[in-house]
Every structure is written in structure tokens, then in C-alpha cells.
Amino acid sequence: MDSRPPYLLLLLTSLLHFWQCARGQSLYTIDNAVFTIQPSTKVESGTPVTLRCEVSVSHDPVLQLTHSFQFLRYDVPVHSFTTRDTVALYELAPARAADSGAYECLVEVGKKSRTSIHQTLTVTGLQTPVLQLSQTTFFESEELIATCSAPEEKGSLIFHFYQEFRTGPPQEIKQVGPSGNSSETKLVLRQAGDSFLYCDYEIPMLTKAGRSNSSNKIQVIVKGLYISPTMNVLPSTTVYEGDIIEVVCKVVSPPRNVDVFLTKDRRVLKKASVSLNHRYTAQAGDSGELVCKAEWGSVQKETYQTVTVKELFSKPQLTVEPIDIFEGKRFKVTCSVSSFSPERINNETIRFSIYKDHVKLSNTDTYRAVAHSSQNGNYTCKAQAVTQSNSFIKESTTLVVKAKVPVSQPVLSVVGGTLVLGKPFLLRCHSESGSLPITYTLHGPKRQPDFRVVSRPGDQALFNTSAIQRSSDIRNFLCHARNNEFNLPMTSSDQQLLRTTNIIEPVSKPILTMYPNMGGVSEGQDLTLVCTVERGTPPINFTWYRTGTDKDGALASQIPPGLKGSHIIKGVSREDGGKYYCLSSNQANEIKSFPVTVGVKLAGWKKGLIAVFCILLTLALVLVILIKKGLLPFKRGRTRELSVKSASTKAERLSLTQAEVNEAANVTPGVMGRSVWSEHVSGSESDDQNSVASPEEPETQYTEVQIKQIDPSRVPAKKGTDMVYSEVRNSKQGASEQADGQGSVEYAQLNHDNDHCNHDDHGDPGVQDDHIDDIDDIDDIDPADQGECNNEPTPNS
């Protein structure tokens, strides 16, 4: 025996079965779905039709499949079921025209589906309907119930009902909308006599099927209903107002339950059963058509009579003269009638009375008064005529009398109260009092008269006006006002316009001037910028600006009382120079001046200082030039001298100071290399300078002298050589000078180095106090020192 538990074997068998089923679910495919219509796709109505759908599926033989079938008509499911069979049937027994359409089948196997090819079923022919009536004999216009049905047809049907007479074509008397395969409705036959009723139907969705055959025909008898009423109007259909009218309306040989109505203009005057009698007094507005109507159930019969009511006299009319009534003027109210019936009354028998606000004013046909606000009101009049039988009173329509207020003196004003010369403006013409409508006319210079009509309260007469250039031109504007076509126009006052108008004249182009001088000012002075306009309405705002520098912007602003404004710049400096302009503005405009250039000159003391400097510089240059030309003597202020003795009896001492040589070289570089010399004269210096050489004076003679070595203890060591030249000239002082026949003065020129030549400037006492008394002392100068000093400039006589 198998020792394994039985439940384990069952579990393994179940798992194997489920595995095979799961494996089999994917082992099938739908090969085809075939849809057929039997016996044919085109049949007569009432024929049984079978719709057949067969599916072909390839699958594992072990697998048991379930098929879901759906039959569709125009893609709308009409039948469905599920089976394991491969064939499904859907029967139409019998088939009717409503079953016509395109059919197909849809098969679903598991998660797979297949749709067949569609087939079209055509069912020809419709069932013959059946007509039923609630009664066959009835009165004309009496209602009866008719039922038309096709019980075997499907869908919603539209039914038609017909009445056919023995002569003439049938007439459709009613159509009933879709309501299944049967319809019940009410029919009303209005023509008496024998006729036949029948019906047919159609299917809205199948227009190609047409209409069905006609139903059975039912003969009906429509009896005439003789309830037409008779109407008599007494005494006649033409009467005068005030006459008594009697109207008789009745039905002869009526059936039961007949009602009679008397109406006029769709208004019921009286109602009764079978017959009625109506009496009333004729009024002027009673003319018209009377209707006598008999009603039995839904059946109505009518009779018509036209009644004419003549007026004894027409409705009175109230008129007023004149048409426009102004306060303080007389007016007349008249009451009259336009026509009357001379057969009944005459004009003298009509009495008139006039009322205001229902208060009698007069028993005559006229009323006269002076127009005033107290006379304003609603006026009416009444006319009364008395006949043999009656008295008639007629009232006119209400006439509103309101006296007009004459237009007052118009006021002409500028809208806004401000007029800017040179710009268009708006004028308003207005009268404080006056009844509307008021016509305003504006007259102005160089323009055609302009009109405005004010008809409603709150409206204004506004006139667009072109610009004027002078304030006096406003005197030429005039405004006329009138509130009827007869009264004289009222004229506005031009003086009043001037008084109420603020006239602003635009500022002219400003002119900028400067003081004390145009174009320039000296440093330290006060500069006044004056901005002036020729015309303009104050207040005028003047603003000064400076351009062309970083300080561009408003300098100052001023509102003076007149046409001129000024701005003062205190203590101008060089930075205040530049271009300035001013801007003038008032309520009308703003305009800019031409710029003015301000130049700042030097102060006077600076000019004097520069002049002195220039003079001194010029003198210095002249002095230098003279020195360079040798036209001035060079005087020595030093103590150290170089003495040269004359060979003559009286010798002039000439001394040359080395410090002076250095000083000349430093002050006047341009004369470097020239001789620097000084002279000591025994006589008067002025006499020597002012003396004039004699023509016989011998020429000056120059000799070159070799300088000897100087004693080191007396003079500091020097480098270079000094060249000494001697000049011999005659002296005119003394006889001893003449005895020798000539005199000689010796000049010395020293060429030395800067270091040694400037040594005297340091104030060496040994050099300053030490004089060369003899020309022979020059030989003591070191030749080496002479060479070093040759590069120094030497003065030249």
C-alpha cells in the first residue's frame, strides 16, 4: 500500500489540473465568426426571420471554452447570451418593418473577441391599421373620439386621420405624433353631411418604407346645429347720443343648454340662456360692432350688427391766446365746439363754462386775465346741451396754462473766469431768469453770429471762441437772449464781461542785462543780472540760470511786483564767469531769454601788481641789454681791488675785485666772458663821466701782462691763469699830466675758475683787505691758477 496520505495526492492532482488549465488558456485562437439571416435578407412583413451567428475557434481539446454572443443593430446590442456552443440564434417572429436594419454579431472567448461581417435585413410592407370611433352620428363641431392602431407593428408610429366626402378629394383633419402602435384622439367635424373617416401611419426611422395601407373606412353622419342667433337693434342702427338703444339676441328652436352672449369690442355686455334683451343710452363713443353669439358645448354661432351713434355736438375745445404767455401780458381762454346736429339742437342752446383746477371761472365761452404765476394752472371747459328728453354735458381736455418769465439781461462770462490772450477760450451766455427754451446769439469780432438753444434746465449756452491778442478786443463780444420769436432780444453788457474776467497777458520774451558793465565785471565786484519783459500780467516769476558748467541749475527765483526782476551775485570770482539766461513765466506761459556771457576781469590791485612787475622786468631786461652792450660803467662795492698804476705823472687807479666778477657772472649769465672792471679817479667822478674826449686824444693801448706768483700767505690758492690787460689813456687833470704828453691807465682782465673766482664772495678777509699795489705783484699769481680761471666769463669794456 501507498503510505502517502490521500490529501497529498488530491493536492497534487488539483495543482496539475490548474497548471493544465492555465496552460490551456493561451492555447486557443478565434478563426472566424459567420453571421447569416434566414430565410433571406429581404422578406415580407410578418415573415419569421432567424439571425444565426457561428464562431470557429482552434484550441486544445482538453480545454472547455465559453462563448459570449451579441447581436447588434446599427452597433446597438439587441440580444446577447453566453453558451459553450459555437452557434447562437436570434429569432424575429414575425419580422416587421421596424426590424429592418444592418445587423452583425460579436463573439467573445476569454479575453479575445471577433466581429462578423454585417448583413442588412429589409422587411417590406406594413400592417393595415384599424380605425375605431366613439360614435358615428353627431352634430357639427361636436367632438368624437377616434382610435387608430396597428397592434402587430413595432416602434413609434405617426398616425394620420382623414375625412372623405362623396365628392371631392379626402382631407387630412389631424396628425398625431409618435405614440407607439396605437393612437387615441379627439376629432371635430365642422361641416354637416355624410362622410367617411379612415387613418394610416408611418414609421419615422424608415422613410423608405412609406406609409401603411389605409385603415377601414367608417361612415359618419354630421347633423347641422341650427343655433345661429338673431339680433335686432331698436329703434335703429343709427341713433343720436342720448337715445335709448335696445338690442334683442336669441336662438330659435335651440337644443338644450344653449347660452347667448352680447359683446362689443371683445367686452361682454350681457349673457343669458337661449335669449337676451339689452337696453342702454347711446353715447358718442358707443358706435361700433355688436356681436350676438350662441354657444352649445364647443359649438358657437355668431351674428353681427353695426351701430352708429351721432353726436349732438362735438367735444369742446379749449384754446389760449397768445400761444406764448408772458407774465404781465394779457391772455384769453376760449371754449368752443367744432360741430353740432342742427336737427336736434342749435348753437344758441349750448352753454359753456370755464374752470381752473376744477374751480369755475366763467359761465361764458371766454375768459380774460393778466398773466401771473397765480393764473397758472389746469384749465378745462364744459359744454351743455338740453334736448326734449335729456341734457348732455361734455368736457374738454385739460389745457395747462403757465405764463412764461421774460428772459432777463444775459450775462456773458469766460468759462473758468480766466482769459489768456493769444489762446482760444470758452464763453458762456446765461440769463438768471426766463422760461425755456431760450435762444442765445453771440456776436464777436471777425466771426459770424453763433446760436445756441437751451431747452432743458441745467443746459448752458457755450461758445468756442478763437484767440484774441488785446484785452480791449473783449469789448467786441455781445450776447443776445430771447425766449420767443416775437419779443425783442436782450443784449449782454460788454462792461460786465470786463469786470468779471481775469485777463492774463502772456509774458513777452525776457531780456537779460547785467550791471555794472555788459559782458564783463572785475573780480570782487557785485554783478547784477536784470531780467526784463515788455508785457505780461503779474505776478511774473523770474528765474535765473547758469549754463555750461557743473553749476547748471536755478540760481535764484523772484516774483517782483512789476515787469523787472534782478539777481545780485556778491563778490564775483573767476569761477562765476560763463553764460547766464533767465526764465519768465506767469499763469499763461513760460519763455526763456537769450543767453548772456559774463566775463570776469582781474582785480585792479592785481593789474597794478602785474604792471609793476612788468615794468621792473622791462627795466631789468633793458639794464641787462645795456650791460651786454657795455653802455654803462660797472661800479665796485668791494674793498679788494686790483690797482694798476699809470706810467704817467698822475695815474688813475683802476681796481678789479674778484667778488664783483663772480657777482656779475651770477646775475647776468648773458655777459659771461666779458670784462668786469671798475675805476678810481682822483678827480670828480661826475666830471670824468661827463667829460667828452678830445679829438686829439690818443687811442687806447692794450698790453698783456704775465702775472707773477702770489704770496700764499696773502691769497688763497687758485687754479688757472689770470690775464691782465692794461689800458693807457690820457688824463686832463693837472699840468703834470700834460707834461708827459700822454697818460696811461691800465685795465686788468682776469680769467679764473668758478671755485677760485667765487672765493671772494665768501668774504675772505685776506682777499678783501689785500690790495695789489703794484703791477709787479701780479707776477706772484700761480700760472696753474691762471689756467683754472680761464673758463670764467670776463667782462669786456
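Refer to the structure printed above.
A short tour of the structure in this document, coming up. Residue indices follow the written sequence of each chain, beginning from 1 at its first position. Local features in this predicted model are restricted to residues whose pLDDT is 70 or higher, and side-chain atom pairs enter the listing and the counts only when it is 80 or higher, whereas totals over whole chains, interfaces and linings include all residues. Each side-chain value is derived from all of the structure's non-hydrogen atoms; neither hydrogens nor water enter the calculation.

Overview of the sheet that holds strand β39 (residues 461–465)
Convention followed: Strand pairing requires that DSSP identify at least two bridges connecting the strands. The helix and strand labels rest on DSSP assignments: H or I over at least four residues marks a helix, E over at least two residues marks a strand, and numbering proceeds from the N terminus. Orientation is described by axes fitted as lines to C-alpha atoms, over the contacting stretch for helices, and by angles from 0 to 180 degrees between their N-to-C directions.
Pairing within the open sheet is antiparallel, and its three strands lie in the order β34-β36-β39. Looking along the sheet, the strands with just one partner apiece sit at the ends: β34 (411–414) and β39. The average angle at which neighbouring strand axes cross in this sheet is 25°, direction not considered. One ladder, built from four bridges, connects β34 with strand β36 (residues 425–430); its direction is antiparallel. Residue pairing across strands places Ser413 opposite Arg428, the latter belonging to β36.

A short note on the environment of Gln70
Here is the rule we go by: Here the term buried applies to any residue with accessible area under 20% of the maximum for its type, exposed to any over 50%, and partly exposed to those in between, with areas from a 1.4 Å probe on protein chains only. Residue contacts are counted whenever heavy atoms from the two residues lie within 4.5 Å of one another.
Topologically, Gln70 is positioned in strand β4 (residues 67–73). A relative accessible area of 29% means that Gln70 is categorised as partly exposed. Gln70 has contacts with His79, Ser80, Glu104, Cys105 and Leu106, leaving out every residue within four places of it along the chain.

Examining the pattern of salt bridges
Note the threshold: A side-chain nitrogen of Lys or Arg and a carboxyl oxygen of Asp or Glu constitute a salt bridge if their distance falls within 4 Å.
By the definition in use, this model includes 20 salt bridges. Salt-bridge contacts for Asp265 lead to Lys264; the nearest nitrogen and oxygen are separated by 3.0 Å. When its relative accessible area of 60% is taken as the criterion, Asp265 is described as exposed. Notably, a salt bridge pairs Lys293 with Glu302, separated by 3.3 Å at the nearest N-O pair. On the accessibility criterion, Lys293 (22% relative accessible area) is partly exposed. Salt bridges here are not isolated pairs; linked through shared partners, they connect Glu241, Glu311 and Lys394.

Re the packing of aromatic side chains
Spelled out, the test is: When two rings of Phe, Tyr or Trp (its six-membered ring) have centres within 6.5 Å they constitute a pair, described as stacked for plane angles under 30 degrees, edge-to-face for angles over 60, and tilted for the intermediate range. We call a charge positioned over a ring when the NZ of a Lys or the CZ of an Arg lies within 6 Å of the ring centre and within 35 degrees of the ring normal.
Counted by the stated rule, this structure contains ten aromatic pairs. With centroids separated by 6.2 Å and ring planes inclined at 55°, the aromatic side chains of Phe35 and Phe71 adopt a geometry described as tilted. Taken together, the residues span a long stretch of sequence, with Phe35 in strand β1 (residues 28–38) and Phe71 in strand β4 at a distance of 36 residues. Here Phe35 matches Phe71 in class, with each residue buried. Its guanidinium or amino end placed over the ring of Tyr355, Lys382 lies 5.0 Å from that ring's centre, counting from NZ or CZ. Its end group placed over the ring of Phe594, Lys509 keeps NZ or CZ at 4.5 Å from the ring centre.

Brief notes about the environment of Val533
For Val533, the position within the fold is in the loop between β45 (527–532) and β46 (541–547). Sequence spacing of Val533 and Lys509 is 24 residues, and the spatial spacing of their C-alpha atoms is 6.3 Å.

A look at a nonpolar patch on the surface
Selection rule: Only residues above 30% relative accessible area that lack a salt bridge enter a patch, with like-charged residues linked at up to 9 Å and the nonpolar side chains Val, Leu, Ile, Met, Phe, Trp and Tyr linked at up to 5 Å. Note on areas: these come from Shrake-Rupley sampling with a 1.4 Å probe, and a residue is covered only by the protein chains present in the view.
On the surface, a nonpolar cluster with roughly 380 Å² of combined accessible area is contributed by Val612, Ile615, Leu616 and Leu619. Along the chain, Leu616 turns up in helix α3 (residues 604–629). The exposure class assigned to Leu616 is exposed, which follows from its relative accessible area of 52%.

Points about the state of the cysteines
Quick reminder of the rule: The term disulfide is used for any two cysteine sulfur atoms that are within 2.5 Å.
Applying the stated criterion to the full structure yields six disulfides. At a sulfur-sulfur separation of 1.9 Å, the disulfide partner of Cys148 is Cys199. Residues Cys148 and Cys199 are joined through a disulfide that is right-handed, its torsion about the S-S bond being 80°. Note that Cys148 is positioned in strand β12 (residues 143–149) and Cys199 in strand β16 (residues 193–202), a separation of 51 residues in sequence. At a sulfur-sulfur separation of 2.0 Å, the disulfide partner of Cys531 is Cys582. Residues Cys531 and Cys582 are joined by a disulfide whose S-S torsion is about 60°; by sign, that bridge is right-handed. Taken together, the residues span a long stretch of sequence, with Cys531 in strand β45 and Cys582 in strand β49 (residues 578–585) at a distance of 51 residues. Exposure remark for Cys531: the relative accessible area of 0% places this residue in the buried category. For Cys582, a relative accessible area of 0% corresponds to the buried category.

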